[in-house]
Amino acid sequence: MGEMNPLPGTPAADGFRMPGEFEPHAGSWMLWPERGDTWRDDAGPAEEAFAAVAEAIVAAEPLTVGVSARRLERARAALPAGVTLVEMKSDDAWMRDVGPTVVVDGTGARRAVDWTFNAWGGEVHGLYPDWRADDAVAGLVAEHEGLQRYRSPLIQEGGGIHSDGKGTVFVTEECVLSTGRNAGLGRDRCEELLKAYSGAAQVVWLPRGVFADETTGHVDNLLHVAGPNLILLTWTDDPWDPQHVRSAEALAVLEGVHDLNGDPFRILKLPMPGPLHMTDKEAGGVVAAPGGKPREAGDRLAGSYANFYLVEGRVLVPLLDPRTDDDACQIIADALPDREVVGIPAREILLGGGNIHCITQQIPMGR
């Protein structure tokens, strides 16, 4: 059980599948920000943004936050009373990527998938040199939730895979096949492993993710599978923006894909914010660390409204640019009429390299 003993076999062989994020949740998990070379000004501004996300989640479903011993009191002071805090070591605060992907079977049983994590690329293009604590988080969360877990040999993050809940998963070649991850395995073997550990029968490969995304093209920043046949895709009409060709490539693939029932996916375009860049002041608050990713003024930020998060009855949308925030929220509201749209100022999360989807991870409902 939990951290010590991974299960033999695979989720697919045992009859488990990766649900869609839009399916019912038992609750959500986050990690508390602290790392000085990611979060500026001793993580103070990030804590405010994380607390706003936590407040929006816990109003809808249970929330547990992992936090280091030395930040426990700060987290307790910042977070709503209903949030459960668990003392937990981690290297950073990206629960989507380091937490477990929880799979379910036809009886409502749940198990956890613990992907191999190497800081988004290991020694080749990883973002920090020591990721051992992060790689242990999925096992700790599984243990806390009382879930048996599978340990996947595939180097993969939760933000690198979306599921339609009924047998199709979405990834990018840029991410899964990156030199620092699984390039040596080849696409066919990676597809076999993705199917084995997600329970999917079909893998949709998008070429590339969002331009300048430091995760090497996570699919969750490019698009969101927000319903069984509903995809919201990051888009820009500016042909000179480097994102334009990436989104157009993705759209061409998605338009040619059907789900396992033979039905097409409904694809809606979300405007891209910005382009957004890190300011001098923002860069000045980050403390550089040996082997870590430098964060410098002028850096383009991989802003995306597709990086929203679905909780029970709500959709938590990052607010990133007053020129496009309203349009993005309206498109999402129209697409998801049964959910309340909650816009959350999220630039401080973006400065760290991700957004609301990246700092959250759902635990699906079991029986």
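Just above, that's the structure.
Residues numbered from 1 in each chain as written. Predicted model: local features only at pLDDT ≥ 70, side-chain atom pairs only at ≥ 80, totals over all residues. Heavy atoms only, no water.

### Observations concerning the sheet that holds strand E16 (residues 314-319)
Through backbone hydrogen bonds, the strands of a sheet pair up, either in parallel or in antiparallel fashion.
Move 1: Pairing in this open sheet of 3 strands is mixed, and the strands run E15-E16-E17 from one edge to the other. With one partner strand each, in any of the chains shown, strand E15 (309-311) and strand E17 (340-345) form the two edges of the open sheet. Adjacent strand axes in the sheet meet at a mean angle of 30° when their direction is disregarded.
Move 2: Packing against the sheet, helix H1 (residues 44-58) makes contact with E15, E16 and E17, and its axis sits at approximately 165° to E17. (Pairing = 2+ DSSP bridges. Helix = DSSP H or I, 4+ residues; strand = E, 2+ residues; numbered from the N terminus. Axes fitted to C-alpha atoms, helices over the stretch in contact; angles between N-to-C directions. Contact = heavy atoms within 4.5 Å.)

### Digging into the environment of Ile344
Move 1: Its place among the elements puts Ile344 in strand E17.
Move 2: Taking relative accessible area as the criterion, Ile344 reaches 3% and is therefore assigned buried.
Move 3: Residues Ile344 and Gly303, spaced 41 residues apart in sequence, show a C-alpha to C-alpha distance of 14 Å.
Move 4: Discounting chain neighbours no more than four positions away, the residues touching Ile344 are Ala52, Val53, Ala56, Leu316, Val317, Pro318, Leu319 and Ile356. (Buried < 20%, exposed > 50% of the residue type's maximum accessible area, 1.4 Å probe, protein only.)

### Topic: unusual backbone geometry
Move 1: The omega angle of the peptide bond from Gly274 to Pro275 is 10°, so this bond is cis rather than trans.
Move 2: Looking at the secondary structure, you find Pro275 in the loop between strand E12 (266-271) and strand E13 (276-277).
Move 3: Look at Asp41: it is not a glycine, yet its phi comes out positive at around 50°.
Move 4: Within the secondary structure layout, Asp41 lies in the loop between strand E1 (25-31) and H1.
Move 5: Look at Ala212: it is not a glycine, yet its phi comes out positive at around 70°.
Move 6: Tracing the chain through its elements places Ala212 in the loop between strand E9 (202-206) and helix H8 (219-222).
Move 7: The class for Ala212 is partly exposed, based on a relative accessible area of 40%.

### Comments concerning the sheet that holds strand E11 (residues 230-235)
Move 1: Strands sit in the order E10-E11-E12 across an open sheet of 3 strands; the sheet is mixed. Edge positions in the sheet fall to strand E10 (223-227) and E12, since each has one partner strand and no second. Strand-to-strand twist in this sheet, taken as the mean axis angle between neighbours without regard to direction, amounts to 30°.
Move 2: Along the sheet, helix H9 (residues 242-255) contacts E10, E11 and E12; its crossing angle with E11, the most-contacted strand, is approximately 160°.
Move 3: Contacting E11 and E12, helix H11 (residues 325-335) runs over the sheet at an angle of about 160° to E12.

### Structural notes on empty space enclosed by the protein
Move 1: On inspection of all chains with the given rule, the structure shows 7 cavities of 30 Å³ or more.
Move 2: If you trace the largest cavity, you find 15 residues lining it, with Met18, Pro19, Arg96, Gln361 and Gln362 closest to the centre.
Move 3: For the lining of the largest cavity, the elements supplying multiple residues, two or more each, are strand E4 (101-104), strand E7 (162-163) and strand E18 (361-364).
Move 4: With 3 residues, the single largest contributor to the lining of the largest cavity is E18.
Move 5: Classifying every residue of the lining of the largest cavity gives 5 nonpolar, 8 polar and 2 charged.
Move 6: Space inside the second largest cavity adds up to approximately 130 Å³. (1 Å grid on protein atoms, 1.4 Å probe; cavity = no way out; pocket = protein on both sides within 12 Å on 5 of 7 lines; lining within 4 Å. Points joined across faces, edges and corners; volume = space filled by probe spheres on them. Nonpolar A, V, L, I, M, F, W, Y, C, P; charged D, E, K, R; others polar.)

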